[in-house]
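What follows is the residue order along each chain.
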Amino acid sequence: MTSVHTIRTLIQTHQVRFVRFIWCDNANVIRAKAVRTTMLEPYLEGNGVGIAAAQQALPVLYDALAPGAGLTPDGEVHMRADWTTFAALPYAPGHARVLTDIYDGDHPWHHCPRTFLRRMIAAAAARDLSVYAAFENEFSLLRPSDTGPTPFDQTVFCQTSALDRAAEVINAITEDLEAQGLVVEMTYAESGPGQFELPVRYADALRAADQQIVFRETVRARAAHYGLIASFVPKIYPDKAGNGAHLHFSLARQGTSIVTEPGQPRTLSAEMRAFMAGILAHLPALMALTTPSANSFKRIRPRFWSGAFTCWGTGNREAALRAPMPDSAQPLTNVELKISDATANPYLALGAVIAAGLDGIDRQLPLGDPVRGDPADLPEDERLARGILPLPTSLGEAIAALERDDVLLEALGSDLARSYLAVRRAEWQAMKDMSHAEEVQLLLERY
Ligand code: GLU
Ligand code: MG
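Presented here is an overview of the structure given in this document. Sequence order as written defines the numbering, with residues in each chain counted from 1. Chains and ligands are labelled by the order in which they are written, letters from A for the one and numbers from 1 for the other. Confidence filtering applies because this is a predicted model: local features only for residues at pLDDT of at least 70, side-chain atom pairs given and counted only at 80 or more, and all residues used for totals across whole chains, interfaces and linings. No hydrogens and no water enter the side-chain calculation; it runs on all heavy atoms of the structure.

Each helix and strand in the chain was counted, giving 13 helices and 19 strands. We compute the radius of gyration from the C-alpha atoms alone; for a globule the expected value is 2.2 Å times N to the 0.38, where N is the number of residues. Computed over the C-alpha atoms, the radius of gyration of the chain is 21 Å, within 12% of the 22 Å expected from 2.2 N^0.38 for a compact globule of 447 residues. Seen along its three principal axes, the alpha-carbon backbone of the chain occupies a region of about 65 × 50 × 50 Å. Classification of the 447 residues of the chain by burial places 57% in the buried group. In this description, contact between two residues means that some pair of their heavy atoms is separated by no more than 4.5 Å. In the chain, of all internal contacts separated by at least 6 residues, the share reaching a separation of at least 24 is 71%. A 1.4 Å probe and the Shrake-Rupley method give the accessible areas. Residues count as covered only by the protein chains that appear here. In the form shown here, the chain has an accessible surface area of approximately 18,400 Å², with 51% of it arising from carbon and sulfur atoms. Secondary structure elements follow DSSP: runs of H or I no shorter than four residues count as helices, runs of E no shorter than two count as strands, and numbering proceeds from the N terminus. The rule is simple: take the accessible area with a 1.4 Å probe, protein chains only, and divide by the maximum for that residue type; under 20% is buried, over 50% is exposed, in between is partly exposed.

As a further point, take unusual backbone geometry. One non-glycine residue, Cys158, lies in positive phi territory at about 60 degrees. The topology assignment puts Cys158 in the loop between strand 8 (150-151) and helix 4 (160-179). Residue classification places Cys158 among the partly exposed positions, given a relative accessible area of 38%. The phi angle at Gln364 is positive, at roughly 45 degrees, despite the residue not being glycine. By the secondary structure assignment, Gln364 is in the loop between helix 8 (346-362) and helix 9 (380-385).

With that out of the way, let us pick up the site of ligand 1. Taken together, Glu138, Glu190, Glu197, Gly242, His246, Arg299, Phe304, Trp305, Ser306, Arg317 and Lys338 make up all the residues around ligand 1. Between ligand 1 and Glu190 there is a distance of 3.1 Å, counted from an oxygen atom to a side-chain nitrogen or oxygen. Any N or O atom pair separated by 3.5 Å or less is treated as a polar contact, with the protein-specific requirement of one donor-capable and one acceptor-capable atom, and with residues adjacent in sequence counted only for side-chain atom pairs. Within the backbone of Gly242, an N or O atom sits 2.9 Å from a nitrogen atom of ligand 1. The protein chains hide 92% of the 300 Å² of surface that ligand 1 would expose on its own. Lys, Arg, Asp and Glu make up the charged group, whereas Ala, Val, Leu, Ile, Met, Phe, Trp, Tyr, Cys and Pro make up the nonpolar group; the residues left over, Gly among them, are polar. Here the residues of the shell around ligand 1 are counted per class, giving 2 nonpolar, 3 polar and 6 charged. Here, proximity means that at least one heavy atom of the residue falls within 4 Å of the molecule or strand.

The next subject is the packing of helix 3 (residues 113-125) against helix 8. Orientation is described by lines fitted to C-alpha atoms, with helices fitted over the stretch in contact, and by angles between N-to-C directions that extend from 0 to 180 degrees. Where helix 3 contacts helix 8, the axes come no closer than 8 Å and their chain directions differ by 25 degrees. Put simply, helix 3 runs roughly parallel to helix 8. Seen from above, helix 3 lies across helix 8 with left-handed handedness. Contacts from Pro113, Arg114, Phe116, Leu117, Met120, Ile121, Ala123 and Ala124 of helix 3 reach helix 8 at Tyr347, Leu348, Leu350, Gly351, Ala352, Ile354, Ala355 and Leu358. Looking at the contact of helix 3 with helix 8 residue by residue, the classes come out as 14 nonpolar, 1 polar and 1 charged. Roughly parallel means an angle under 35 degrees; roughly antiparallel means over 145; roughly perpendicular covers 65 to 115; every other angle is labelled oblique. Helix crossings get a hand from a simple test, with the near helix turned counterclockwise from the far one by less than a right angle marking a left-handed crossing and a clockwise turn marking a right-handed one.

So, on to the coordination of the magnesium ion (ligand 2). Coordinating N, O and S atoms are those within 2.8 Å of the metal (3.2 Å for Na, K and Ca), and as water is not part of the atoms, a site may appear to have fewer donors than expected. Looking at the magnesium ion (ligand 2), one finds its protein donor set to be Glu138 (OE), Glu190 (OE) and Glu197 (OE), positioned 2.0 to 2.1 Å from the metal centre. In primary-sequence terms, the residues that donate to the magnesium ion (ligand 2) follow E-x51-E-x6-E. Within this pair, whereas Glu138 is found in strand 7 (residues 130-143), its partner Glu190 is found in the loop between strand 9 (188-189) and strand 10 (195-197), the two being separated by 52 residues in sequence. Residues Glu138 and Glu190 agree in their burial class; the two are buried.

Within the span of helix 1 (residues 4-13), buried status applies to Val4, Ile7 and Ile11. Taken end-on, helix 1 shows its buried residues confined to a sector of 55 degrees, consistent with a single buried face. Away from the buried face of helix 1 by more than 90 degrees, exposed residues His5, Gln12 and Thr13 are located. As for helix 1, its buried residues are in contact with strand 1 (18-24), helix 2 (41-44) and strand 4 (76-88). Two residues or fewer after helix 1 comes Gln15, characterised by a positive phi angle close to 45 degrees. Working definition: the arc comes from the directions between the helix axis and the C-beta atoms, pointing outward to the latter.

To continue, consider the packing of aromatic side chains. Pairing of aromatic rings covers Phe, Tyr and the six-membered ring of Trp, with a centre-to-centre limit of 6.5 Å; geometry is then stacked below 30 degrees between planes, edge-to-face above 60, and tilted otherwise. Here the structure, examined in full by the defined rule, presents 10 aromatic pairs. Measuring from ring centre to ring centre gives 5.8 Å for Phe139 and Phe232, while their planes differ by 50 degrees; the resulting arrangement is tilted. Of this pair, Phe139 sits in strand 7 while Phe232 sits in the loop between strand 12 (229-231) and strand 13 (245-253), placing them 93 residues apart in sequence. On the accessibility criterion, Phe139 (0% relative accessible area) is buried. Note on Phe232: relative accessible area 0%, which makes it buried. Charge-over-ring contacts are defined here by two conditions on Lys NZ or Arg CZ: a distance within 6 Å of the ring centre and an angle within 35 degrees of the ring normal. Its end group placed over the ring of Phe18, Arg36 keeps NZ or CZ at 5.8 Å from the ring centre. A cation over an aromatic ring shows up here: Lys235 above the ring of Phe304, its NZ or CZ 3.8 Å from the ring centre.

Below, the structure is given as structure tokens:
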């Protein structure tokens, strides 16, 4: 535990004036109330910073309640700091941040996403399983201009000149992430205009979701210092590569990975296969949590390496789930879900993936064979015979699938399921007829 004494010392060392108490809501907007350090004392232990319960009813568009969320303007809940997540913000001198769990009186609040993930981690632990994860983000750099944002460059996959031009900003982002404890593994230019990737090291599930908040905050804030917009919007340019936030995960028992069979480092274990089968079985509904914006569904299309069918593969970049089998004798360490983007609240997305996977384990669902080649090229009757189905093509379809998915609804709990679905429905209603340009303009402000 980070002691209160340590926090006080860190505040002095970094000359912190404000501590941001951060939460991420059902619309995946990262928000904070920043407490003046001279006023911090009452919040150091126990007490949390108050917010309106209605915060969990706000869609991405504006600060007005989505109907049917089960929340009203009447009601106050409290953000309690998880001081283990405290860090000074390298991109905002004088500010620090702490991630929070939301409490209703003395109890964790039913609508709190971070609490939901904690519950799913506990459900895995009840089966003696630990979950590790990492979000592998792609993002676009844009330059603001009077006629609207334009791409930072027009380079293609891994083109070195993109790294040359972006070296300063990528280096600065990397330094900031490392100052906050994240481990940057690599960087390269991705296919799309101004698109980059910057994978970070995995962590236990709660930390992985926390890291996703820190990553998004840092990339956007530091890019702004260079006069750039960094955006995670899944599909900014209709016919170019989209921005995924592929979710990598692994399972361990008693500190030992159980991704593969003991002694067979390249053979998926029975439990891991069942976990993957659970994800595939729930994928249409899961999408309402892992690719939850109207814009997300423009990214999930065949031929864009985003995955568009309920299938898995090994080296296959058109498969929704990928168990990357290395060519060398290296062990298989994790599985990747491509149907995930950074418009997803990471606590909800990862928690729901765990719930789906555990259902697969509990019901010992069979995984079937990996798909070879592009699933879009398989004859339709073969796809059907193998249970490979096209994924929902709109948020409306994914919402309908979630409304029918008792396992995910039960995992969320009735309160969170209600507020979450209300927010998703409000967004779908408001955005389903928007032009792509209007949609992107709105979302660039948020993600
Ligand atoms: N940009 C692709 C997506 O939308 C992924 C490309 C890749 O890294 O395989 O998920
Ligand atoms: Mg990529």
